[in-house]
Amino acid sequence: MLKQRILTALILVPLAIAAIFFLSLPNLAAALLVVLSIGAWEWGPLMGFDTKTRRTAFVSAVALCIIGLWVVIPPQELWTLDGRINPMALNVLYVSAVWWLLTIFMIFKYPRYSSFWTSHRSIRGLFGILTLAPTWLAFLILRSNGQLMDEFHGTYLLLLLFAFVWCADIGAYFAGKRFGKNKLMPNVSPGKTIEGVVGGNIAAALVALITGLIFSWTSQQIMLAIALALLISVVSVVGDLTESMLKRQAGVKDSGSILPGHGGILDRIDSLTATAPVFALCFVLFGW
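Residues numbered from 1 in each chain as written. Predicted model: local features only at pLDDT ≥ 70, side-chain atom pairs only at ≥ 80, totals over all residues. Heavy atoms only, no water.

Visitor: What is the right way to read the pattern of salt bridges from this model?
Guide: When the charged atoms of two side chains lie near each other, side chains of opposite charge can form a pair. Taken as a whole, this structure holds 5 salt bridges when the rule is applied. Of the charged contacts, one joins D240 and K192 as a salt bridge, the two residues approaching to 2.5 Å between their closest N and O atoms. Taken together, the residues span a long stretch of sequence, with D240 in helix α9 (residues 219-250) and K192 in strand β2 (residues 189-193) at a distance of 48 residues. The closest approach of N and O atoms between D267 and K247, which form a salt bridge, is 2.9 Å. Of this pair, D267 sits in helix α10 (residues 265-286) while K247 sits in helix α9, placing them 20 residues apart in sequence. The burial state of D267 is the same as that of K247; both residues are buried. (Salt bridge = Lys/Arg side-chain N within 4 Å of Asp/Glu carboxyl O. Helix = DSSP H or I, 4+ residues; strand = E, 2+ residues; numbered from the N terminus. Buried < 20%, exposed > 50% of the residue type's maximum accessible area, 1.4 Å probe, protein only.)

Listed below in structure tokens is the structure:
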């Protein structure tokens, strides 16, 4: 399984990096729409949808929400000429942040209140929309920033996000394997340990430190970046646990099987669906 995960990652990582570097903003928006539509298809079983018709209907609903955002807030108009975020885009990030705060409550209380959202497919569908649609917008907010000053500025922001999330994931995996003894949330994800989370935090913080040293950031900038890295590392765990909670409640092991060693698209991007909106919101509010 580890060999499959590594081989798949060696293919996916260059593709993801190439996409954010070389695709134009509209083409990147379209590519993200396709990826998140696949994620919506995989969300179907989490809602109890066992027919292609129902799953297709949910994919259409998510796609329409994203297209609606595309029409109302075109990617080229996410930032004003003086560097201010489109107010509607900012509101979407706020809504996303509230959603992820709610998931923390759900995770800690699971399975106490799970019967409520389990018995209402529309609520689980809303969960999917709140997870996937803001992710699309957050990626474009980051990618489109600073286009007039430096065409790759937004690309560097996304690369830093990827580095935080991927290194946190790797650090958590190996720290958990080597030192993991204390379960983090056994009711939600029996395989996750506190030691793994700490390992992920350390790995993400090292990314921030090394990046700061390479680019000669001030001590204050490095400390702020480390704080952001720790936040993103924790939020990535929240994204992972949220999907694990929904899969456990639905009796599903993996969201799909399209990626050898990783399961489905949703299994691979669960951390990014949580971290991308939070990362974008931190950048907008604090300009770190």
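Having seen it, we continue.
Visitor: What should I look at first to understand the packing of helix α4 (residues 87-109) against α9 in this one?
Guide: How two helices sit against one another is set out by the angle between their axes and by the gap between those axes. Axis separation between α4 and α9 bottoms out at 10 Å; the angle between their running directions is 55°. Relative to α9, the element α4 lies oblique. Every pair of crossing elements has a handedness; the one defined by α4 and α9 is left-handed. Of the residues in α9, those in contact with W100, T103, I104, M106 and I107 of α4 are V238, G239, L241, T242 and M245. Taken together, the residues that form the contact of α4 with α9 break down as 7 nonpolar, 3 polar and no charged. (Axes fitted to C-alpha atoms, helices over the stretch in contact; angles between N-to-C directions. Parallel < 35°, antiparallel > 145°, perpendicular 65-115°, else oblique. Left-handed = near helix turned anticlockwise from the far one by under 90°. Contact = heavy atoms within 4.5 Å. Nonpolar A, V, L, I, M, F, W, Y, C, P; charged D, E, K, R; others polar.)

Structural measurements only, silent on function.
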